[in-house]
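As a plain string of letters, each chain reads:
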Amino acid sequence: MKRRIGVLVMSYGTPESLDQVEAYYTHIRRGHPPTAEQLHELTSRYEAIVGGFFPLRENTNKQVAALEETLNRTYPDIEFVCYQGLKHASPFIEDGVQQIVSDGINEAVGVVLAPHYSVMSVGGYIKRAQEKADELGLKITFVKSYELHPKLIEALTIRVNKALGKFEGVPRDKVRVIFTAHSLPEQILQMKDPYPDQLLATSRAVAEKTGVTNWQFGWQSAGKTATPWLGPDILDILEKIRKEEQVENALICPVGFVSDHLEVLYDIDIEAQALARELGMHLERTESLNTDPLYMETLADVVHAQIERAG
Ligand code: FEC
């Protein structure tokens, strides 16, 4: 009999239709419904990405299926069964844990489809999964981050090199590469959160591997709340480098995200692109990882290593 292991694959979650946006947004706001204006603003962003299409849903399904296939092919001595656990949509993290137990599996590993650890992001996913697992008596351990996995760096390197090829006739060192990730409230800095350093480590590793020296890091998609969020924001960066340094060509590489979704397809492809056009800049973005086999191998490797560590 093969050892059977449940893999809880956690991801942000997305609505499946425009009429689910309000419930989704209410969940993100910890039960506080958005105002009509906030709801309209978010719905319009979804409408702007190919007419209200929710790509994260399908991308997560594909990533989870590809990871299960990769794990079972790479480690044939173990039977891996992957379960989704989403932060803000169904099946929720707790549903995923419940399903593992209902299927009679008593050993599990959790991994998040986000390479960098913050107590406010991955830490939150892990806390919810652990609480549900404790309630049900499931043995589960977690991969916390994988920001420097060589296959992840290789996948990102390939993407940066490919995107740099889109700046025809422009020397590589004349393209400013901007690595980005989702901003978080500045208070994480007081908590000595590893998130900013891990993101810089990924960016530095990709810059080194591509030989890119003209690069910087920027934050994107900050919430509109009274508390300060980590900056500088990508929109301010574009404006500054255009006006103060006369940069004409920029490439955004969103290292903090692994999938095509709202924060990439709207915040970069629509919002940042519109600003770049206004500033007379040529802006490109690297392709998302989605189900890239190198990313799937990264995940399979870190899941397997976690099983070995947990014994
Ligand atoms: O395509 C989609 O439907 C979902 C895209 C999506 C991803 C995503 C990833 C991250 N977020 C992170 C932090 C925060 C914090 C808040 C927050 C709020 C929102 C809202 C939307 C949204 N996020 Fe998100 N995030 C995505 C979408 N996020 C929509 C609400 C409206 C808005 O502010 O734009 C503030 C609320 C809170 O305190 O929870 C903080 C981080 C990530 C990357 C790591 C991960 O994937 O978990 C960090 C994808």
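Keep in mind it's a predicted model, so treat the numbers as computed, not measured.

Caption draft 1: Spatial organisation of helix α2 (residues 36-48). For α2, built from 13 residues, the straight-helix expectation of 18 Å at 1.5 Å per residue is met to within 8% by its first-to-last C-alpha distance of 18 Å. Burial in α2 covers these residues: Leu39, Leu42, Thr43, Arg45 and Tyr46. Here the buried residues of α2 occupy an arc of 155° about the axis, which is enough to place them on one side. Facing away from the buried side of α2, by more than 90 degrees, are the exposed residues Ala36, Glu37 and His40. Val50 occupies a position one or two residues after α2 and carries a positive phi of about 35°.

Caption draft 2: A look at the site of the ligand. Among the 22 residues in the neighbourhood of the ligand, the closest are listed as Tyr12, Thr14, Arg45, Tyr46 and Tyr125. Within the contact set of the ligand, an oxygen atom lies 2.9 Å away from a side-chain nitrogen or oxygen of Arg45. His182 places a polar side-chain atom, nitrogen or oxygen, 3.2 Å from a nitrogen atom of the ligand. Considered class by class, the residues forming the shell around the ligand number 14 nonpolar, 5 polar and 3 charged. Two domains each provide a minimum of three residues to the shell around the ligand, namely domain 1 (3-146 + 291-310) and domain 2 (150-285).

Caption draft 3: Seen up close, the pattern of salt bridges. What the rule picks out here adds up to 17 salt bridges. The salt bridge involving Lys62 is made with Glu58; its shortest N-O contact spans 3.2 Å. Taken as a pair, Lys62 and Glu58 lie in helix α3 (residues 55-74) at a separation of 4 residues, close to a single helical turn. Residue classification places Lys62 among the partly exposed residues on the basis of a relative accessible area of 44%. For Arg285, the salt bridge goes to Asp269, with nearest N and O atoms at 2.6 Å. Placement of the pair is Arg285 in strand β8 (residues 282-285) and Asp269 in helix α10 (residues 267-279), with a sequence separation of 16 residues. Ionic contacts of the salt-bridge type, sharing partners, join the residues Asp260, Asp269 and Arg285 into one network.

Caption draft 4: Looking closely at the packing of helix α6 (residues 150-164) against helix α7 (residues 195-210). Packing of α6 against α7 brings their axes to within 9 Å, and their N-to-C directions diverge by 60°. As the angle between them shows, α6 and α7 are arranged oblique. Like other packed secondary-structure pairs, α6 and α7 cross with a definite hand, here right-handed. Between α6 and α7, the contacting residues are Ile153, Glu154, Leu156, Thr157, Val160 and Asn161 on the first element and Thr202, Ala205, Val206, Lys209 and Thr210 on the second. Looking at side-chain class alone, the contact of α6 with α7 contains 5 nonpolar, 4 polar and 2 charged residues.

Caption draft 5: Molecular detail of the coordination of the iron atom of the ligand. One donor from the polypeptide reaches the iron atom of the ligand: Tyr12 (OH), at 2.3 Å. Checked against the element boundaries, Tyr12 lands in the loop between β1 (3-11) and α1 (21-28).

Caption draft 6: Structural context of the domain arrangement of the chain. Once the domains are mapped, the chain shows domain 1 (3-146 + 291-310) and domain 2 (150-285). The straight-line distance from the C-alpha centre of domain 1 to that of domain 2 is 24 Å. The interface of domain 1 with domain 2 comprises 24 residues on the first partner and 29 residues on the second. Taking both sides of the interface into account, the surface hidden between domain 1 and domain 2 amounts to around 2,300 Å²; carbon and sulfur atoms contribute 67%. Of all residues in domain 1, the largest losses of buried area upon contact with domain 2 belong to Arg45, His116 and Leu294, amounting jointly to 28% of the total for that side. There are 12 residue pairs in polar contact (both at pLDDT 80 or more) connecting domain 1 and domain 2. Contributions of two or more residues to the side of domain 1 that touches domain 2 are made by α2, α3 and α11 (293-310). The element that contributes the greatest number of residues to the side of domain 1 that touches domain 2 is α2, accounting for 5 residues. A per-class count over the side of domain 1 that touches domain 2 returns 14 nonpolar, 6 polar and 4 charged.

Caption draft 7: Focus on the pairing of strand β5 (residues 175-182). Of all 8 residues that make up β5, 7 are buried, and the element is covered over most of its length. Here β5 pairs with strand β6 (residues 215-220) via 6 bridges, running parallel. Following the sheet pairing, Ala181 is matched in β6 by Trp219. Viewed along the sheet, the connection from β5 through α7 into β6 turns out right-handed.

Cut-offs applied
Residues numbered from 1 in each chain as written. Predicted model: local features only at pLDDT ≥ 70, side-chain atom pairs only at ≥ 80, totals over all residues. Heavy atoms only, no water. Helix = DSSP H or I, 4+ residues; strand = E, 2+ residues; numbered from the N terminus. Expected span 1.5 Å × (residues − 1). Buried < 20%, exposed > 50% of the residue type's maximum accessible area, 1.4 Å probe, protein only. Arc of directions from axis to C-beta. Near = heavy atom within 4 Å. Polar contact = N/O pair within 3.5 Å; in protein donor to acceptor, adjacent residues only side chain to side chain. Nonpolar A, V, L, I, M, F, W, Y, C, P; charged D, E, K, R; others polar. Domains from an automatic or database assignment. Salt bridge = Lys/Arg side-chain N within 4 Å of Asp/Glu carboxyl O. Axes fitted to C-alpha atoms, helices over the stretch in contact; angles between N-to-C directions. Parallel < 35°, antiparallel > 145°, perpendicular 65-115°, else oblique. Left-handed = near helix turned anticlockwise from the far one by under 90°. Contact = heavy atoms within 4.5 Å. Donors = N, O, S within 2.8 Å, 3.2 Å for Na, K, Ca; no water. Buried area = accessible area lost by both parts, 1.4 Å probe. Pairing = 2+ DSSP bridges. Right-handed = clockwise from strand over helix to strand, strands pointing away.

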